[in-house]
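A look at the structure
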Amino acid sequence: MNKKEKQQALDELNAKIAADTDLPLKVAATNDVPGEGNPDADILFVGEAPGAKEDELGRPFVGAAGKFLDELIASIGLSREDIFIANLIKHRPPNNRDPLPEEIAAYVPYLERQIEIIEPKVIVTLGRYSLQYFLGDSLTISKIHGQPKRRGGRVVMPMYHPAAALYSGNLRPVLKEDFAKILK
Ligand code: URA
């Protein structure tokens, strides 16, 4: 698929998300937050779930964690137009609680379809849930952040969630260092 066809396929996917009344967190959400960016991106970022600001605007990573993510992306010379940003879960969990396993299972077919369409070379996981979805439940982020792994034909790069660095300032330089490895 060329870039235009990929965008069309993503638009169709977003329409399916909009119409899917079986999605468990849909009723409480204000907006779908399917993800956005370059449909032909080499790098796909996958976070956990939208928060309050994302739910309000229907866009991923537009709150405080998103500001830091923008900074990290800029630190490697890229912008949001170069990459794609999505989440495991496309609706905000009530009060930002942790997602349940059955909720993740209900949403991931949409994420898998996004991957199929975008065909990224690198998937950057942000936070524990995204890491465990791609690389397995037994992995701990503190042990494997910044270490690329193969998953099928792609590279999965585990990172701390940018929100974690807002609470724990010493993770900021760690995230910056891990980001610097993406382009390699
Ligand atoms: N945290 C996430 O994991 N995703 C967002 O879109 C915003 C905050």
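Let us now look at the environment of Ile123. You can see Ile123 is positioned in strand β4 (residues 122–126). Expressed as a C-alpha distance, the spacing of Ile123 and Pro148, which sit 25 residues apart in the sequence, is 9.5 Å. When residues no more than four places from it in sequence are discounted, the contact partners of Ile123 are Leu44, Val46, Ile115, Phe134, Arg154, Val155, Val156 and Met157.

Strand order in the open sheet formed by six strands is β1-β3-β2-β4-β6-β5, and the pairing between neighbours is mixed. Unpaired on one side and paired on the other, β1 (36–37) and β5 (149–151) mark the two borders of the sheet. Pairing analysis gives four bridges linking strand β2 (residues 43–47) to strand β3 (residues 84–87), with the strands arranged parallel. Bridge pairing links Gly47 to Asn87 in β3.

So, on to the pairing of β2. Of all five residues making up β2, five are buried, and the element is well covered by its neighbours. Here β2 pairs with β4 via four bridges, running parallel. Residue pairing for β4: Ile43 is matched across the bridge by Val122.

Analysis parameters
- Residues numbered from 1 in each chain as written.
- Predicted model: local features only at pLDDT ≥ 70, side-chain atom pairs only at ≥ 80, totals over all residues.
- Heavy atoms only, no water.
- Helix = DSSP H or I, 4+ residues; strand = E, 2+ residues; numbered from the N terminus.
- Contact = heavy atoms within 4.5 Å.
- Pairing = 2+ DSSP bridges.
- Buried < 20%, exposed > 50% of the residue type's maximum accessible area, 1.4 Å probe, protein only.

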